[in-house]
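Structural overview
The residues making up each chain are set out below.
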Amino acid sequence: MLTIGSFFDLSDFPDKDLFADCPYVWDPLKKLKAYVANHTAPTFQHVCIVDAVPLDSPYIWFNGKLRNARECIITYGDATKGGLSVWENGQFLEGASVIMAGAVLVGKNIKIGKGVLIESGALIKSPAIIGDCSEIRQGAYLRGYCLVGKRCVVGHTTEVKHTLFLNDAKAGHFAYLGDSILGNNVNLGAGTKCANLRFLSGNVSIRTATGRLDTGLRKFGAVIGDGTQTGCNAVTSPGTIIGPDSLLMPNTTAPSGLHPRKSVLR
């Protein structure tokens, strides 16, 4: 019931190795720091890019190289649907990613895929992995050790810390995600918060039908299974595990513990 396969379909996830040898669904969080650190390398090395200083020009990442995009024609369509396009000197640069002027990068170990859009005002701390056709929108804050899958959205004023997005997961507006895992096609309503630290000291434990399990994690937000949706201003308590295809209704606080597949939390 608490296995990886009970919550997530990993068949198309590019970083499925992270989930190997994980008896419980929260165990990938224990490996996330090492995995992200080991799968990134100094990338954003350019004479005009300075740590923690907003970019003064748009840049593109194409064929393993970072370069100024002032002479490019860019169409800012929906990146998650392949709508981002870049042309240079009449040539279409298929798969080019765009970092808009005003974005802030801290550290060089930031790995981005093809067709990624990082908007002005986003702040990304190294190390981080951002998959193909994902959007990091204006005001987003990635605090390091984040892994974002394909076609994901980290939205306006959304803060993400030590968290994993599987493919097509979206946190579009005003969210906080600490030490959490979002499954495929999870959609978080505006203002969703995944709290990750208990008032009391010690590890977070999980309430199950057969008793409590010690997760071994002092900070643990939520695990949200594939296809689950939350309403606006929903909150999850530390150690909340929600099964696939569930609903967390607006203005609702989900208690910690296991909530099975197709739960409706009011």
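The shown structure was predicted, so the numbers you read here are calculated from the model rather than taken from an experiment.

This next bit is on the pairing of strand S2 (residues 65-68). Where strand S1 (residues 59-62) lies against S2, four bridges are found, and the strand directions are antiparallel. Bridge pairing links Trp61 to Leu66 in S2. With antiparallel pairing between neighbouring strands as the criterion, S1 and S2 make up a hairpin whose turn holds two residues, including Asn63 at a positive phi of roughly 50°.

Before going further, it helps to examine the sheet that holds strand S13 (residues 141-142). Sheets are built from strands that pair by backbone hydrogen bonding, the pairs being arranged parallel or antiparallel. Pairing is parallel across the open sheet formed by eight strands, whose spatial order is S7-S10-S13-S16-S19-S22-S27-S30. Every other strand in the sheet has two partners, leaving strand S7 (104-106) and strand S30 (253-254) as the edge strands with one partner each. Across three bridges, the pairing between S7 and strand S10 (residues 123-125) is parallel. From the neighbouring strand, Leu105 faces S10, where its bridge partner is Ile124.

Before going further, it helps to examine unusual backbone geometry. Put simply, Ser126 and Pro127 share a cis peptide bond, and its omega is -5°. Residues other than glycine seldom take positive phi values, yet Phe174 does so here, at roughly 60°. Turning to its location among the elements, Phe174 is positioned in the loop between strand S18 (170-173) and strand S19 (176-178). Notably, Asn185 is not glycine yet its phi reads approximately 60°, a positive angle. Tracing the backbone through its elements, the reader meets Asn185 in the loop between strand S20 (181-182) and strand S21 (187-188). Residue class for Asn185 comes out partly exposed when judged on its relative accessible area of 49%.

What counts, and where the lines are drawn
All residue numbers refer to position in the chain's written sequence, counted from 1. A pLDDT threshold of at least 70 governs which residues receive local features in this predicted model, and a stricter bar of 80 or more applies before side-chain atom pairs are shown or counted, although totals over entire chains, interfaces and linings include all residues. Hydrogen atoms and water are omitted, and side-chain values are computed over all heavy atoms in the structure. DSSP calls a pair of strands paired once it identifies at least 2 bridges connecting them. Helix and strand assignments follow DSSP, with helices taken as H or I runs no shorter than four residues and strands as E runs no shorter than two, numbered in order from the N terminus. Relative accessibility decides the category of a residue: with a 1.4 Å probe and only protein chains considered, values under 20% of the type maximum give buried, values over 50% give exposed, and everything between is partly exposed.

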